[in-house]
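One-letter residues, chain by chain:
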Amino acid sequence: KSFLDTDEEEAKKVKMAAPDLSMKQWMGYFGNVGKLSPIPKDMKFGEVPEGVLRLGGTFAVSGNEVLYQWSDRVPGDHPVIDDVISIATGTN
């Protein structure tokens with residue numbers, strides 16, 4: 001699913017905060033983003049690479065059974081990791 005397909009009202013429900021990183025950690029982060037998200041040579045200034053618009057998700061599976069499924073609503077949206085681990089390990 002593309003971020004552009006996300007319902008605006010659904011996107012407003014997402015609560016996000018910037019991670020608590022030092023200046024050095026932020027510089028490392030931006031350096032990694034550049035390496036992991038190369039810009040195509042034919043891309044014009046102001047265009048957004050298609051991969052940036054793709055949303056991801058989180059799954060916990062056991063054999064053929066899906067124990068947990070989460071679809072990101074906007075980039076950076078993710079489930080509470082402790083909840084996923086609890087469900088995946090059966091400690092919920």
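Engineer: Is there a simple way to explain the pairing of strand β1 (residues 57-62) in this structure?
Structural biologist: Walk down a regular strand and you will see the side chains alternate between the two sheet faces. Note that β1 and strand β2 (residues 65-71) share six bridges and pair antiparallel. Following the sheet pairing, S62 is matched in β2 by E65. In this antiparallel pair of consecutive strands, β1 and β2, the connection spans two residues, and G63 shows a positive phi of 65 degrees.

Engineer: How do you make sense of the pattern of salt bridges when you look at a structure like this?
Structural biologist: Pairing between side chains of opposite charge can happen when the charged atoms of each approach one another. Enumeration according to the criterion identifies five salt bridges in this entry. Between K12 and E8 there is a salt bridge, with the nearest N and O atoms lying 3.7 Å from each other. With K12 and E8 both in helix α1 (residues 8-12), this residue pair falls four residues apart, about one helical turn. Side by side, K12 and E8 carry an identical accessibility label, which is exposed. The residue E9 makes a salt bridge to K12 at a minimum N-O spacing of 3.4 Å. Pair noted here: E9 and K12 are both in helix α1, with a separation of three residues, about one helical turn. Overall, the relative accessible area of 48% leaves E9 in the partly exposed class. Each of E10, K13, R73 and D77 takes part in one network of salt bridges that share partners.

Engineer: Got a minute to help me understand the layout of surface pockets in this structure?
Structural biologist: For the largest pocket, the calculated volume is near 290 Å³. The wall of the largest pocket is formed by 14 residues, among which M16, A17, P19, G76 and H78 lie closest to the centre.

Engineer: What is the right way to look at the packing of aromatic side chains in this model?
Structural biologist: Here a ring pair, both rings aromatic, is described through the centre-centre distance and the interplanar angle of the planes. Per the counting criterion, the structure on display carries three aromatic pairs. Ring centres of W26 and F30 lie 5.7 Å apart, and the angle between their planes is 25 degrees; on these two criteria the pair is classed as stacked. On the criterion of helical spacing, the pair formed by W26 and F30 is a turn pair, its members being four residues apart in helix α2 (residues 23-36). Classification of W26 by relative accessible area gives partly exposed; the value is 24%. Residue class for F30 comes out exposed when judged on its relative accessible area of 52%. Pairing Y29 with F30 gives two aromatic rings, centres 5.3 Å apart and planes at 70 degrees, and the pair type is edge-to-face.

Scoring rules and cut-offs
- Residues numbered from 1 in each chain as written.
- Predicted model: local features only at pLDDT ≥ 70, side-chain atom pairs only at ≥ 80, totals over all residues.
- Heavy atoms only, no water.
- Pairing = 2+ DSSP bridges.
- Helix = DSSP H or I, 4+ residues; strand = E, 2+ residues; numbered from the N terminus.
- Salt bridge = Lys/Arg side-chain N within 4 Å of Asp/Glu carboxyl O.
- Buried < 20%, exposed > 50% of the residue type's maximum accessible area, 1.4 Å probe, protein only.
- 1 Å grid on protein atoms, 1.4 Å probe; cavity = no way out; pocket = protein on both sides within 12 Å on 5 of 7 lines; lining within 4 Å.
- Points joined across faces, edges and corners; volume = space filled by probe spheres on them.
- Phe/Tyr/Trp six-rings, centres within 6.5 Å; stacked < 30°, edge-to-face > 60°.

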